[in-house]
Amino acid sequence: MLERPKPLSLKTFSFPEWYKDFKKISIRSHIVNIPPKVLEYLKDEMIVLPKECNETTHENELGDDYLDEDTEETVPPEFPDFSKALQEKLRILNGSAFIKTNFHCPKDSVWITAGQTMRARSLSDVYMLLKASSICKEDLACENVGEQGHVVVLRQWTEIHPGTEFRCFVKNKCLIAISPRDWPQYHAHIAQHKRDIINDIVSLFKEKIKEKFPIDDYVFDVFRETKDEVYLVDFSPFDESVTQALAFEWPELHSSLGVAISTPEDEDDPEFRYLPEDCGIQPNPRNNYGIPHDVINLFKAQQGTATSTEESEMDASTVNDLLINRLREECESQSRDDE
């Protein structure tokens, strides 16, 4: 019989709620509270960068060709204190950071940055990533975020190889399953070092996490830089509505896996599922996030000479490449103007 998931409480998984207890085993991070006016600005759909970014409108970021003749110039908002706090945290983190809100990172808006990366190197990068992210907007609309309220988190930028990230499933305070985060991609070293990977993750869990995290069922992500060096990345709910099971299926996580764990020795051997051999090109979930169709259509409309036949032959990847190049040209031009 399928076990029903327990009622979901998001508050426990809000970054400020858990980071204070696990900062010694996690990535160096700084938290900036979001004032009410900034919160409303970030939730708004229109992408107009604040005055502190030395920009006027998002349309200018894309180029004047995207402005309608009847478009009125938009007065940029001003958030001097909030922007100053973001800039100070960026400075402390050596000029670049990985950003997120209480629960999620803006992985759906990397298309808007010049390098198509999550690496925020400037105030403009921070605002653009947050403003263009539907995922972060959902976070900002959530009320159950804990005592500290809505925040922007700036984490020290760390180059992490996708094959070193793992998702770990905990049920009744027992580590029952481990999956590569980059599922279903093949990484040869995982099979070669399977036992060491399990041992390192189990050690971190039993020594640093198990007795400190306040609930019984949850998921945590880690990256294993080298042998005996495992770092906590994030916590998420043990719930299929908000967390991906990756190499597993949620019914088996709820029912069959973990039922045999009855002794400390059993807990040292969670189910570790990975791709044992190279099966060729596999679907990449990161490809689910790209340039929105309305932006692509806008770009096509600007190619006034294209015929319907030519347009039908222009596939999405071609349009994406053209638009990315256009964005880069405009950003480089803006940088030269700023200098």
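It should be emphasised that the depicted structure is a prediction, and the values quoted were computed from it without experimental measurement.

**Observations regarding the packing of aromatic side chains**
Evaluated as defined, the whole model comprises 22 aromatic pairs. Centre to centre, the rings of Trp18 and Tyr19 are 6.1 Å apart; their planes meet at 75°, and the pair counts as edge-to-face. Considered together, Trp18 and Tyr19 belong to a single accessibility category, that of buried residues. Connected via pairs of aromatic rings, a cluster forms that spans Phe13, Phe15, Trp18, Tyr19, Phe22, Phe205, Phe213, Tyr218, Phe220 and Phe235. A cation over an aromatic ring shows up here: Lys212 above the ring of Phe22, its NZ or CZ 5.2 Å from the ring centre.

**A closer look at the pattern of salt bridges**
Counting across every chain of the model gives 13 salt bridges. One salt bridge in this structure joins Arg91 and Glu88, with 2.6 Å as the shortest N-O distance. Of the two residues, Arg91 and Glu88 both sit in helix H4 (residues 80–92), three residues apart, roughly one turn of that helix. Its relative accessible area of 33% is what places Glu88 among the partly exposed residues. Here Asp269 and Arg195 are joined by a salt bridge, their closest N and O atoms 3.3 Å apart. Placement of Asp269 in the loop between helix H10 (264–267) and strand S9 (271–272) and of Arg195 in helix H8 (residues 194–209) is noted, with a sequence separation of 74 residues between them. Residue classification places Asp269 among the partly exposed positions, given a relative accessible area of 48%.

**A few points about the sheet that holds strand S2 (residues 97–100)**
Across the sheet, which stays open at both edges, the four strands sit in the order S1-S4-S2-S3 with antiparallel pairing between neighbours. Both outer strands of the open sheet, strand S1 (29–33) and strand S3 (119–120), are each paired with one neighbouring strand and no more. Judged from the four bridges that link them, S2 and strand S4 (residues 151–156) form a sheet pairing that is antiparallel. Across the sheet, residue Phe98 finds its bridge partner in S4, namely Arg155. Contacts between H4 and the sheet are confined to S1, S2, S3 and S4, with S1 contributing the most and set at about 175° to the helix.

**What to know about the state of the cysteines**
Throughout the structure, instances matching the rule amount to zero disulfides. Here Cys105 is not disulfide-linked; the sulfur of Cys136 is the nearest cysteine sulfur, at 7.0 Å.

**Some details on the confidence of the model for the chain**
Low pLDDT means the predicted atomic positions in that stretch should not be read closely. Averaged over every residue, the pLDDT of the chain is 81; residues scoring 70 or more account for 71%. Taken together, the stretch residues 305–317 has pLDDT below 50 and engages in five contacts with residues farther than four places along the chain or on a different chain.

**Re helix H1 (residues 15–22)**
Listed in full, the buried residues belonging to H1 are Phe15, Pro16, Trp18, Tyr19 and Phe22. Buried positions along H1 lie against S1, S2, S4, H8 and strand S8 (229–237).

Thresholds applied
Residues numbered from 1 in each chain as written. Predicted model: local features only at pLDDT ≥ 70, side-chain atom pairs only at ≥ 80, totals over all residues. Heavy atoms only, no water. Phe/Tyr/Trp six-rings, centres within 6.5 Å; stacked < 30°, edge-to-face > 60°. Buried < 20%, exposed > 50% of the residue type's maximum accessible area, 1.4 Å probe, protein only. Lys NZ or Arg CZ within 6 Å of the ring centre and 35° of its normal. Salt bridge = Lys/Arg side-chain N within 4 Å of Asp/Glu carboxyl O. Helix = DSSP H or I, 4+ residues; strand = E, 2+ residues; numbered from the N terminus. Pairing = 2+ DSSP bridges. Contact = heavy atoms within 4.5 Å. Axes fitted to C-alpha atoms, helices over the stretch in contact; angles between N-to-C directions. Disulfide = S-S within 2.5 Å. pLDDT = per-residue confidence, 0-100.

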